[in-house]
Amino acid sequence: MTSQPNPFAPHWLIRDIVISAHKSAVGPGGLLFLGDSIVEGFYWNRIGALPVLNAGFSGIWTEALEPRVPLLLNSAEPSIAVLLVGTNDAKKDCTETALDEVAEHFERIVGHFGDAQVPVVVLTPPPIEPSRRLTSFYSPDAVASLSRRILRIAEGRAAGIVDLQNAFADENGAAREGMTTDGVHLSAQAYRLLRESLETTITTITRERGHDGSSQKN
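Residues numbered from 1 in each chain as written. Predicted model: local features only at pLDDT ≥ 70, side-chain atom pairs only at ≥ 80, totals over all residues. Heavy atoms only, no water.

Draft legend 1. Representation of the packing of aromatic side chains within the structure. For the structure on display, the rule yields seven aromatic pairs. Between Phe33 and Phe42 the ring centres are 5.3 Å apart and the planes differ by 75°, which places this aromatic pair in the edge-to-face class. Both residues of the pair, Phe33 and Phe42, belong to the buried class. Centroid distance Phe42 to Tyr191: 6.4 Å. Interplanar angle 65°. Geometry classified as edge-to-face. Of the two residues, Phe42 sits in the loop between helix 2 (37-40) and strand 2 (46-47) while Tyr191 sits in helix 8 (residues 188-209), which places them 149 residues apart along the sequence. The exposure class of Phe42 is buried, given its relative accessible area of 4%. Members of the aromatic cluster, each reached through a chain of ring pairs, are Phe33, Phe42, Tyr43, Trp44 and Tyr191. (Phe/Tyr/Trp six-rings, centres within 6.5 Å; stacked < 30°, edge-to-face > 60°. Buried < 20%, exposed > 50% of the residue type's maximum accessible area, 1.4 Å probe, protein only. Helix = DSSP H or I, 4+ residues; strand = E, 2+ residues; numbered from the N terminus.)

Draft legend 2. Fine view of the nonpolar core. Residues Leu32, Leu34, Leu65, Leu83, Phe106 and Phe113 are the most contacted members of the largest nonpolar core, which totals 41 residues. Take this core: its biggest share by element is seven residues, from helix 5 (residues 96-116). Non-local contacts of Leu32, meaning those with residues more than four positions away in its chain, are made with Leu53, Ala55, Leu72, Leu73, Pro78, Ile80, Ala81 and Val82. One finds Phe42, Phe168, Leu186 and Ile205 within the second-largest nonpolar core, a separate group that totals 25 residues. (Core = buried A, V, L, I, M, F, W, Y, C linked by side-chain atoms within 4.5 Å. Contact = heavy atoms within 4.5 Å.)

Draft legend 3. Region of the structure containing the environment of Pro130. Tracing the backbone through its elements, the reader meets Pro130 in the loop between strand 5 (120-123) and helix 6 (140-154). Note on Pro130: relative accessible area 44%, which makes it partly exposed. Separated by 48 residues in sequence, Pro130 and Val82 place their C-alpha atoms 27 Å apart. Setting aside its immediate chain neighbours within four residues, Pro130 contacts Thr135, Ala174 and Ala175.

Draft legend 4. Representation of the confidence of the model for the protein. Put simply, the protein has an average pLDDT of 93, and 94% of its residues get 70 or more. Across residues 213-218, where pLDDT falls below 50, the model places ten contacts with residues more than four positions away in sequence or in other chains. (pLDDT = per-residue confidence, 0-100.)

Draft legend 5. A look at the sheet that holds strand 3 (residues 50-56). Taken together, the six strands give an open sheet; going across it, the order is 2-3-1-4-5-6, and neighbouring strands pair in mixed fashion. Because the sheet does not close on itself, it has two edges, and the strands there are strand 2 and strand 6 (160-162). Of the pairings in the sheet, the one linking strand 2 to strand 3 comprises two bridges and is antiparallel in character. Each bridged residue has a counterpart across the sheet, and for Ile47 the counterpart in strand 3 is Leu50. (Pairing = 2+ DSSP bridges.)

Draft legend 6. Geometry of the packing of helix 1 (residues 9-26) against helix 4 (residues 68-76). Close contact between helix 1 and helix 4 brings their axes to 11 Å; oriented N to C, the two are set at 20°. When the axis of helix 1 is compared with that of helix 4, the two are roughly parallel. You can see that helix 1 and helix 4 cross each other, and the crossing is right-handed. Across the interface between the two elements, Trp12, Asp16, Ile19 and Lys23 from helix 1 touch Arg68, Leu72 and Ser75 from helix 4. Within the contact of helix 1 with helix 4, the residues separate by chemical class into three nonpolar, one polar and three charged. (Axes fitted to C-alpha atoms, helices over the stretch in contact; angles between N-to-C directions. Parallel < 35°, antiparallel > 145°, perpendicular 65-115°, else oblique. Left-handed = near helix turned anticlockwise from the far one by under 90°. Nonpolar A, V, L, I, M, F, W, Y, C, P; charged D, E, K, R; others polar.)

Draft legend 7. Up close: helix 4. If you check which residues of helix 4 are buried, you get Arg68, Val69, Leu72, Leu73 and Ala76. Each buried residue of helix 4 sits inside an arc of 130° when the element is viewed along its axis, so together they form one side. Among the exposed residues of helix 4, those pointing more than 90 degrees away from its buried face are Leu71 and Asn74. Where the residues of helix 4 are buried, they touch helix 1, strand 1 (31-35), strand 3, helix 3 (62-65) and helix 5. Glu77, located one to two residues past helix 4, shows a positive phi value of around 50°. (Arc of directions from axis to C-beta.)

Here's what the structure looks like:
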């Protein structure tokens, strides 16, 4: 994966600037939402009682996200985080060996949250919707296989798990009609469902851990 060309570098530079600017608005103790374009497209600025720092990078894959995680944890000082990455690792013709390598990077990312003592909610990549504009670029089987690996890694280590691969799927394992705009990126309906799931999960975790946002710095 290290040799993968990166046409997204200019966009990531812009995202770094935007995220840095938003850190001061969110302040320490907020929610850090990390991941790919699905995260970048999440347009709510609060989940539960917590302000959201959106650290989504369109096009990013797991290996490329990994070195950014400890830097963001250190600078943002979140009280909790949400992680969604992996869709861009599961392109057409992806092999099981390649997915094993992706899982290793994902496991290291999860370890960064543990090192920083920041609880993390792990999301699995959502399923692919058939017969849409971007469907043919991705492997539904690879997305499902990677999601199973992510669930195994997160079990017992994540503060919470939201299994989008299962939640958004039909009886055949594909994304239900209307869940995406192009086969991969979430529709407004799917984003609302995602937000509802995160609201429930984050509210439960913050109450249990005693940081519901009421004591955050302004």
